[in-house]
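# Secondary and tertiary structure notes
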Amino acid sequence: MSSEEELIWTEKYRPAKLDDIVGNDAIILRLKQFARTKNMPHCLFAGPPGVGKTTAALALAKEILGEHFRANYLEMNASMDNSIKNVRETVKDYARSMGFGGLPFKILVLDEADNMSTEAQQALRRTMEIYSSICRFILICNYSNRIIEPVQSRCVVFRFSRISKQDVVGRLGFIAKSESIVADGEGLDAIYEESEGDLRSCVNTLQSLAVVGKKIDKKRVEEFVGSSKTLSLHEMLKSSLQGELENSRKKLQELLYINALAPEEIVRQLYREIVRADMSDGLKAALLDELGEVEFRLIEGADAEIQLTAFLAKAGLITKS
Amino acid sequence: MERIWTDKYAPQKLIEVEGNRKSKEDFVSWATAFGKGSPPWCLISGPRGTGKTSLVHAFAQENGYDLFEVNRENLGDSVMLDGVREAMFNTATLAQSGPTKRMILVDEIDVLASVKIGSRSSENGYEHVADDENVSTSVLLKTLTDTRVPVVFTLSDEDELYRNKKLILLKEKKLCAHIKLTRVRSDTIRLVLKRIARAERLEISDEVLTKLAESTEGDVRAAVNDLQAIGAGEEVVTSADLGALGRRQTAAGGYKTVLDVILSPSIQTALDKLTSSTEDSETIFAWMVENVPGSRSPSAAIYESCNELAESSLFGFRAKRYRMYGLQKYMNELMCYSPQLLGEHRYMRLNFPSRLRYLSRSRAERARTNLLAGVFSKYLHSSPRAVLNSDLQLITGLAQGNDAFREWLRRKFGEEISELLLST
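This section reports on the structure supplied with the text. Numbering of residues begins from 1 in every chain and follows the order in which that chain's sequence is written. Written order determines the labels here, with chains lettered from A and ligands numbered from 1. With pLDDT at 70 or above as the cut-off, local features in this predicted model cover only qualifying residues; side-chain atom pairs require 80 or more to be listed or tallied, and sums for whole chains, interfaces and linings still use all residues. Hydrogens and water molecules were not included; the side-chain quantities draw on all heavy atoms of the structure.

## Concerning helix H14 (residues 263-276) of chain A
As a reminder of what qualifies: Here a helix means four or more residues in a row that DSSP labels H or I, a strand means two or more in a row labelled E, and each is numbered from the N terminus. A helix is expected to reach a length of 1.5 Å times the quantity of its residues less one. Categorising residues by exposure relies on relative accessible area from a 1.4 Å probe, with only protein chains included: less than 20% of the type maximum marks a residue as buried, more than 50% marks it as exposed, and the intermediate range marks it as partly exposed.
The end-to-end C-alpha distance of H14(A) is 20 Å, a good match for the 20 Å that 14 residues give at a rise of 1.5 Å each. Those residues of H14(A) that fall on the buried side of the exposure criterion are A:Glu265, A:Ile266, A:Val267, A:Arg268, A:Gln269, A:Leu270, A:Arg272, A:Glu273 and A:Ile274.

## Regarding the packing of helix H5 (residues 83-96) of chain A against helix H6 (residues 118-130) of chain A
Residues and elements named next belong to chain A. The condition is simple: Fitted lines through C-alpha atoms give the axes, limited to the stretch in contact for helices. The angle between two N-to-C directions lies from 0 to 180 degrees. An angle below 35 degrees is treated as roughly parallel, one above 145 as roughly antiparallel, one from 65 to 115 as roughly perpendicular, and anything else as oblique. Whether two residues are in contact is decided by their heavy atoms: any pair within 4.5 Å suffices. When residue character is reported, Ala, Val, Leu, Ile, Met, Phe, Trp, Tyr, Cys and Pro are called nonpolar, Asp, Glu, Lys and Arg charged, and the others, Gly included, polar.
Interaxial distance between H5 and H6 falls to 10 Å at its minimum, and their mutual angle equals 10 degrees. By the angle between their directions, the pair H5 and H6 is classed as roughly parallel. Two secondary-structure elements touch here, H5 through Ile-84, Val-87, Arg-88 and Val-91 and H6 through Ala-120, Ala-123, Leu-124 and Thr-127. Counted by class, the contact of H5 with H6 contains 6 nonpolar, 1 polar and 1 charged residues.

## Remarks on the packing of helix H9 (residues 186-199) of chain B against helix H10 (residues 206-215) of chain B
Residues and elements named next belong to chain B. The test is simple: Each crossing gets its hand from how the near helix is turned against the far one by less than a right angle, where anticlockwise is left-handed and clockwise is right-handed.
Following both chains from N to C, one finds H9 and H10 inclined at 125 degrees, their axes separated by 8 Å at the closest point. Here H10 runs oblique to H9, going by the angle between their axes. The two elements H9 and H10 cross, and the hand of that crossing is right-handed. The segment H9 lies against H10, with Ser-186, Ile-189, Arg-190, Leu-193 and Lys-194 engaging Asp-206, Leu-209, Thr-210, Leu-212, Ala-213 and Glu-214. In the contact of H9 with H10, the residues fall into 5 nonpolar, 2 polar and 4 charged.

## Considerations on the pattern of salt bridges
This is how it is decided: Between Lys or Arg on one side and Asp or Glu on the other, a salt bridge is scored when a side-chain nitrogen of the former is within 4 Å of a carboxyl oxygen of the latter.
Enumeration according to the criterion identifies 32 salt bridges over all chains in this entry. One salt bridge connects A:Glu11 with A:Arg14, and the closest N-O pair in it is separated by 2.9 Å. Here A:Glu11 and A:Arg14 have matching classes, each one buried. A salt bridge links B:Lys8 to B:Glu200, with the shortest nitrogen-to-oxygen separation between them at 2.9 Å. Here the residue B:Lys8 occupies a position in helix H1 (residues 5-8), and B:Glu200 occupies one in the loop between H9 and strand S6 (203-204), the gap between them amounting to 192 residues. Because the salt bridges share partners, they merge into one network encompassing B:Glu407, B:Arg410, B:Arg411 and B:Glu415.

## Overview of the interface of chain B and chain A
Interfaces are frequently sized by the accessible area removed from exposure as the parts join. In plain terms, the rule: By buried area we mean the combined loss of accessible area, with a 1.4 Å probe, across both parts when two parts are placed together. Here a polar contact is taken to be a pair of N or O atoms separated by no more than 3.5 Å, where protein atoms must pair a possible hydrogen donor with a possible acceptor and residues adjacent in sequence count only if both atoms sit in side chains.
Taken together, the contacts link 46 residues of chain B with 58 residues of chain A. Here chain B and chain A share an interface that buries about 4,700 Å² over both sides, 54% of which is from carbon and sulfur atoms. For the chain B face of the interface with chain A, the top three residues by lost area are B:Tyr303, B:Arg321 and B:His381, together amounting to 16%. Linking chain B with chain A are 5 salt bridges. Here A:Arg249 makes a salt bridge to B:Glu290, at a shortest N to O gap of 3.7 Å. Across the contact surface, chain B and chain A share 16 residue pairs in polar contact (both at pLDDT 80 or more). Only helix H14 (281-291), helix H15 (299-321), helix H17 (354-361), helix H19 (384-400) and helix H20 (403-413) of chain B provide two or more residues apiece to the side of chain B that touches chain A. The biggest single contributor to the side of chain B that touches chain A is H15(B), with 14 residues. Along the lines of polarity and charge, the residues of the side of chain B that touches chain A split into 23 nonpolar, 13 polar and 10 charged.

As structure tokens, then:
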């Protein structure tokens, strides 16, 4: 890819240097130490989406590898089939081509490492051990508890936390200004609230809004979020609250199997939908209590359709009582 | 060659036909009232192996009826229809051979109605064809409307009565009485088996008899066949011999197993069905997920039931993920427990799992989005899933309303990708 201008803002405004990254200051400080000494251990970056894990990995690699970045840096996704086989083969290839560029090691970023099976992680552990002089790993995941202990113990674990509202809004303001968009503070606040502090999602929202108009305020943000939210999800919840389980199940199946919405995304949207709904606080609390349990179980690995169906059935029961 | 036990021990008298006492009485009243204003036809419906044909045979034998049978063997023979006509009208022969009464039995009318004449070469001897190609059943039925002797039809798939237009005459109340048989209770089947075992001097424990009786869900014939399969030529049968029995093959394995699991009276019997099934657990689970919430039970029961099923999936996931296969048994237990919570409303019409249906239907669309997600996830240093959930929407939006952006897409990702993106 050439050095021509990027048109998708999450890429265009992705910080190239560790210094430019907002939030997680303590972690960035440590990473800068690595960059200074041109050395790094295997790392595990854990944390929610949109807080800068990939950006930090990229920036760290760029600063350590310098002009040799392109030839010595590789990103792979662990949720792809055969990922561990690919990782091993890639690393073996590295071993053969060593010395290229006179660098001591290459950097391999393994995204969604928490999606790897235990078996694959065991294999990864051996690979990390054997080839650590040749290749350093940065594992990225949302849930570090899904990474087996032996792998964790071979890594320095960095837990990324949510970026503060101030930092997110500040960054959004910077982007807006650069793109000559007029956005008021309330509007940017609203973008932050809607995405639960996921900076990447915030930037996507900002760009989507900018497609339609150069002026952004709270009202427009709310309209956009309302319309972009999947309509059938709204109807699914509505039917379920009215005790029409069959209807609401049909919607759920459509969302899962036709729209191919990820279960986490459905939970996330349900959460927002409930928080903003016009209902008593008691009812809200009861629904959120249930939804929280659903989200937890999904992370634990429960079947999404039946777990969400149970929620829809329960929501009807809660409203009735 | 040894006779088939179902034949050897076929009931000779009505009283030997087990179960369905009320229906037997109804049948006797209908037959004895023939010619006195009652309908000339009688339809006996009920699941396979509940004694529909046996009932007619036993009644005819016991009461001195000469039975003319139309069945899969002679259907389509040109002489068959002549035989029917003769049986219906020809009273001359009756006079000569004494006070013989006649009865016509059209066995398995639902099967006959879907059989294509003259094509008996296929594996099971019949080929199912569309209604309009099938003339002979309607001709037969039309002929039979003028009958002067009682006509009995048997039918095992009652839905066929409403599906197949050729059978419309059977629904006319003035023409055709309707008697229904239900599944025979397993303790009744056990008695039948015990009687046969005794006659065959076969030593068999109550436990094995019970298992045999329960395993066929009210199908007496199947239970007797099973008994012969493991007991013929033996002196002693133990529960170890049960393992030799193969499962009856049915059209949709997942369907059958799930029905078994849902309807089982206890977790234990459900587990037996589940573990003896050859279907893979994912298919069975998909059938469960589709159908358990569709029960007509109160929503509280549905909720509990779904919850158990979700728990079950959690154990399945853990067993696989952490390779703790000992956890698999909890998955199975809870899967079997789940429908127990539905109470009385467990019987339901099973639907094919949506997840399997949609998967096959939307394959092309998924291939498209997966390809796009793959391409853009590389560019955005992100996972395909994240791209699918948020970025792809933005990119599609940008591409739709913006020439410059489309041009950029083409340069960066190629003609193909940019077209694929706009091809929704």
